[in-house]
Amino acid sequence: MTRGERLWHRLMVAALLLILALPLLATLLYAISSSWNGTLLPRGYTLRWLYALWSDTRFLTALWHSLLICAGALLFSLLLVLPAMFAIAWWLPKLDALMNVLILLPFAVPPVVSSVGLLQLYSGEPLMIAGTPWILIGCYFTIALPFIYRAIANNMQAINLRELMDAASLLGASTWRAALLVVLPNLRKGATIAVLLSFSFLIGEFVFANMLVGSRYETLQVYLYNMRNGSGHFTSALVISYFFVVLLVTWLANRLNRERS
């Protein structure tokens, strides 16, 4: 590739990134603008809307609720899925084809239909958890399952699980000791990708959160829906803050993963 071709390639990449970033830039400008009517650029700039948002205890509570539910669902998913996937890959590889079908079932039923069924199922004995964050954690687990399963399954294939286990066995390690000390550290990258994909999807989920818990345990997306009739500047500040929260969590996860590597 010549120097001119490399320069042209970089310009094309920069132009593409700029085009993709334009909606976010416009949202950020509107969030920090004091007035923007009939002109190409805002007439003035202010941080009043961002300050009003981050000083709102209702917003901070909704953000905390979202982070708590996402973290609980992802932790529950990893604790349940990792041992199950290891058992399938090591002892029952024929079940992998069945699991690839089962993990897609949550997306086969529309969220509205699933929500109605869950409300009827968990509104009475023995598990009366409708309207509580517990039902949302369980529901988010089923949503995150396909992302976590596929990312970790690909990682298991990449590290060649059987060769690692055979090598650990030759060195005298038991099956579960080899799984914990040899296989699990090698799945860190796949688990990180799975968690980031799932988190970015779950924190933006609205239908289940609104129908299953609503304002009784207000999450970030429900808060955004409830504030839809307010100022457009305030809503833009909320949207751009939501984006930066996701970006910050992704950056922290990547940094922690890099330091451990």
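No experiment lies behind these values; they were computed from the predicted model shown. Starting afresh in each chain, residues are numbered from 1 along the sequence in its written order. Residues qualify for local features only when their pLDDT is at least 70, as the model is predicted, and side-chain atom pairs are given and counted only at 80 or more; totals for whole chains, interfaces and linings, by contrast, use all residues. Excluded from the side-chain calculations are hydrogens and water; all other atoms, namely the structure's heavy atoms, are used.

Examining the side chain of Ser241
Inference 1: A helix here means a DSSP run of H or I that spans at least four residues, while a strand means a run of E at least two residues long, and both kinds are numbered starting from the N terminus. With respect to the helices, strands and loops of the structure, Ser241 is situated in helix 12 (residues 232-260).
Inference 2: Type-normalised accessible area, obtained with a 1.4 Å probe on protein chains alone, sets the label of each residue: buried when under 20%, exposed when over 50%, and partly exposed for intermediate values. When its relative accessible area of 5% is taken as the criterion, Ser241 is described as buried.
Inference 3: Every residue pair with non-hydrogen atoms within 4.5 Å of one another is taken to be in contact. Contact partners of Ser241, with chain neighbours within four places excluded, come to Leu50, Leu53 and Trp54.

Here's the deal with the pattern of salt bridges
Inference 1: Within this document, salt bridges are pairs made up of a side-chain nitrogen of Lys or Arg and a carboxyl oxygen of Asp or Glu, the two lying within 4 Å of each other. Evaluated as defined, the whole model comprises 1 salt bridge.
Inference 2: Its salt-bridge partner being Glu218, residue Arg58 comes within 2.8 Å of it at the nearest N-O pair. In this pair, Arg58 sits in helix 3 (residues 57-90) while Glu218 sits in the loop between helix 10 (207-212) and helix 11 (220-226), placing the two residues 160 residues apart along the sequence.
Inference 3: In this structure Arg58 comes out as partly exposed when scored by relative accessible area, which is 37%.
Inference 4: Exposure remark for Glu218: the relative accessible area of 10% places this residue in the buried category.

Observations regarding empty space enclosed by the protein
Any empty space left between atoms is shown by rolling a water-sized probe over those atoms.
Inference 1: A pocket here means an open set of points on a 1 Å grid, computed over the protein atoms alone, that has protein on both sides within 12 Å along at least five of seven lines. A cavity is instead a set of points where a 1.4 Å probe fits but cannot get out; residues with an atom within 4 Å of a point line either one. Grid points are joined across faces, edges and corners, and a volume is the space filled by probe spheres set on the points. For the coordinates displayed, the defined rule picks out 1 cavity of 30 Å³ or more.
Inference 2: Of the volumes computed, that of the largest cavity is approximately 50 Å³.
Inference 3: What lines the largest cavity is simply Ser66, Ile69, Cys70, Tyr140, Leu202, Ile203, Glu205, Thr219 and Gln221.
Inference 4: Per-element tally for the lining of the largest cavity: the top contributor is helix 3, with 3 residues.
Inference 5: Side-chain classes follow a simple rule in which Ala, Val, Leu, Ile, Met, Phe, Trp, Tyr, Cys and Pro form the nonpolar group, Asp, Glu, Lys and Arg form the charged group, and the remainder, Gly included, forms the polar group. Class assignment of the residues belonging to the lining of the largest cavity gives a composition of 5 nonpolar, 3 polar and 1 charged.

Quick notes on the packing of aromatic side chains
Inference 1: Here the aromatic set is Phe, Tyr and Trp, taking the six-membered ring for Trp, and pairing holds for ring centres within 6.5 Å; pairs whose planes are under 30 degrees apart are stacked, those over 60 apart are edge-to-face, and all others are tilted. All told, the structure shown has 11 aromatic pairs when counted by the stated rule.
Inference 2: For the pair Trp91 and Trp176, a centre-to-centre distance of 5.6 Å together with 55 degrees between the ring planes defines the contact as tilted. Of this pair, Trp91 sits in the loop between helix 3 and helix 4 (95-102) while Trp176 sits in helix 8 (residues 175-186), placing them 85 residues apart in sequence.
Inference 3: Accessibility expressed as a relative area gives 46% for Trp91, which makes it partly exposed.
Inference 4: Three or more aromatic residues link up through ring pairs in this structure, and these residues are Trp54, Phe59 and Tyr223.
Inference 5: Over the face of the ring belonging to Tyr225 we find Arg228, whose NZ or CZ atom lies 4.0 Å from the ring centre. We count a charge as sitting over a ring when the NZ of a lysine or the CZ of an arginine lies within 6 Å of the ring centre and within 35 degrees of the ring normal.

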